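One-letter residues, chain by chain:
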Amino acid sequence: MLIWIIALLAVLTMVSLFALKMKSLKIIFGGLFAILTLASSTMLAANMDSHYGMEKTTTMTTKQVYSILPAQSPVGAVAVKKIGSDNYVLVYKDAATDAQASTHFVPNTKKVVEAVKQGATYQKGNVTTAEVKTKTVKWTYKSDFYKFLFKQKDEDNIVSVRHTLIVPENWQVVEK
């Protein structure tokens, strides 16, 4: 919306400077609209450069996951495949009743920008059930006013999404 406001203020500046006949009105309105145009442009540049009007927010979610082995198995297991330096594709069941395990967090090679923002890893921990903790960091607007000014259609303000699979110490981690 701020882009449209800047365009309107620029037009009003030109109209004030060229259409008004009285010199004092030209100076008052032309100067006012020019200053507002400059201030709006500065706000837009600050938003684009350093996220003016926004703040980073972090959300954590936890989801229980299940072993890739049958329910009758005395031990649990998950499969992992390392991709990159510290990123994994994880294989586990989403529900205890699932017949087959499925892969999770496979990077989408057609959307590289989104793929770079996401990552997954695993660790063994002092837990009783396996769970995936997802930490999402994104830019959010400080108020509805800033959202009105700066929000662009279909914008994605996600900074990073990090998934961590935490499995009990007695589970097996199968590396492929």
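As a reminder, the structure under discussion sits directly above these lines.
These lines cover the structure that appears in this document, whether it is placed above or below.

Criteria and cut-off values
- Residues numbered from 1 in each chain as written.
- Predicted model: local features only at pLDDT ≥ 70, side-chain atom pairs only at ≥ 80, totals over all residues.
- Heavy atoms only, no water.
- Helix = DSSP H or I, 4+ residues; strand = E, 2+ residues; numbered from the N terminus.
- Rg over C-alpha atoms; globule rule 2.2 N^0.38 Å.
- Contact = heavy atoms within 4.5 Å.
- Areas by Shrake-Rupley, 256 points an atom, 1.4 Å probe, with all protein chains shown as cover.
- Lys, Arg positive; Asp, Glu negative; His and termini not counted.
- Charge placed at Lys NZ, Arg CZ, Asp CG, Glu CD.
- Buried < 20%, exposed > 50% of the residue type's maximum accessible area, 1.4 Å probe, protein only.
- Pairing = 2+ DSSP bridges.
- Phe/Tyr/Trp six-rings, centres within 6.5 Å; stacked < 30°, edge-to-face > 60°.
- Axes fitted to C-alpha atoms, helices over the stretch in contact; angles between N-to-C directions.
- Core = buried A, V, L, I, M, F, W, Y, C linked by side-chain atoms within 4.5 Å.

Description of the overall build of the chain
Now for step 1: If you tally the helices and strands in the chain, you get 4 helices and 8 strands.
Now for step 2: Written out in order from the N terminus, the α and β elements of the chain read α-α-β-β-β-β-α-β-β-α-β-β.
Now for step 3: Here the C-alpha radius of gyration of the chain, 26 Å, is well above what a compact globule of 176 residues would show, namely 16 Å.
Now for step 4: Counting only C-alpha atoms and orienting by the principal axes, one finds that the chain spans roughly 90 × 30 × 30 Å.
Now for step 5: Put simply, of all contacts in the chain between residues at least 6 apart along the chain, 71% involve residues at least 24 apart.
Now for step 6: Carbon and sulfur atoms make up 61% of the accessible area of the chain, which amounts to about 11,600 Å² in all.
Now for step 7: Once the 21 positive and 13 negative side-chain charges of the chain are each reduced to a mean point, those two points are 7 Å apart.

Brief notes about the environment of Met 60
Now for step 1: Structurally, Met 60 can be placed in strand β1 (residues 54-64).
Now for step 2: Separated by 73 residues in the primary sequence, Met 60 and Lys 133 place their C-alpha atoms 6.8 Å from one another.
Now for step 3: Aside from chain neighbours lying at most four places away, what touches Met 60 is Lys 133, Thr 134 and Lys 135.

So, the pairing of strand β3 (residues 88-92)
Now for step 1: Across the 5 residues of β3, 5 count as buried, placing the element largely inside the fold.
Now for step 2: Alternating residues of β3 divide into Tyr 88, Leu 90 and Tyr 92 and Val 89 and Val 91, and every residue in both groups is buried.
Now for step 3: Direction of pairing for strand β2 (residues 77-82) relative to β3: antiparallel, over a ladder of 4 bridges. Of the residues in β3, the one forming a bridge with Ala 79 is Val 91.
Now for step 4: Two successive antiparallel strands, β2 and β3, enclose a turn made up of 5 residues, where Gly 84 displays a positive phi of approximately 80°.
Now for step 5: As paired elements, β3 and strand β4 (residues 102-104) share 3 bridges and run antiparallel to each other. When the sheet's bridge partners are listed, Tyr 92 is paired in β4 with Ser 102.

Concerning the packing of aromatic side chains
Now for step 1: In this structure the tally under the stated criterion is 6 aromatic pairs.
Now for step 2: Between Tyr 52 and Tyr 146, the ring centres sit 5.5 Å apart and the planes meet at 80°, which makes this aromatic pair edge-to-face. One end of the pair, Tyr 52, is in the loop between α2 (23-50) and β1; the other, Tyr 146, is in helix α4 (residues 144-150), with 94 residues separating them in the sequence.
Now for step 3: Aromatic pair Tyr 52 and Phe 150: ring centres 6.2 Å apart, planes at 80°, arrangement edge-to-face. With Tyr 52 in the loop between α2 and β1 and Phe 150 in helix α4, this pair connects stretches of sequence that are 98 residues apart.
Now for step 4: A connected cluster of aromatic rings, assembled from ring pairs, spans Tyr 52, Phe 145, Tyr 146 and Phe 150.

A look at the sheet that holds β4
Adjacent strands of a sheet form backbone hydrogen bonds with each other and so pair up, either parallel or antiparallel.
Now for step 1: Ordered by their spatial adjacency, 4 strands build an open sheet running β4-β3-β2-β8, and the pairing between neighbours is mixed. One side of each edge strand has no neighbouring strand; the edge strands of this open sheet are β4 and β8 (172-175). Averaged over all pairs of adjacent strands, the angle between their axes in this sheet comes to 30°, without regard to strand direction.

Regarding the nonpolar core
Side chains of nonpolar character tend, in soluble globular proteins, to be buried together.
Now for step 1: Counting 12 residues, the largest nonpolar core is built from Val 65, Val 78, Val 80, Tyr 88, Leu 90, Tyr 92, Ala 120, Ala 130, Val 132, Leu 165, Val 167 and Trp 171.
Now for step 2: Counting residues per element, the ones that place at least two in this core are β2, β3 and β7 (158-168).
Now for step 3: In this structure, Leu 90 is in contact with Ala 79, Val 80, Ser 102, Thr 103, His 104, Phe 105, Ala 120, Thr 121, Tyr 122 and Leu 165, ignoring residues within four places of it in sequence.
Now for step 4: Grouped together as the second largest cluster of nonpolar side chains are 9 residues, Leu 44, Met 54, Trp 139 and Leu 149 included.

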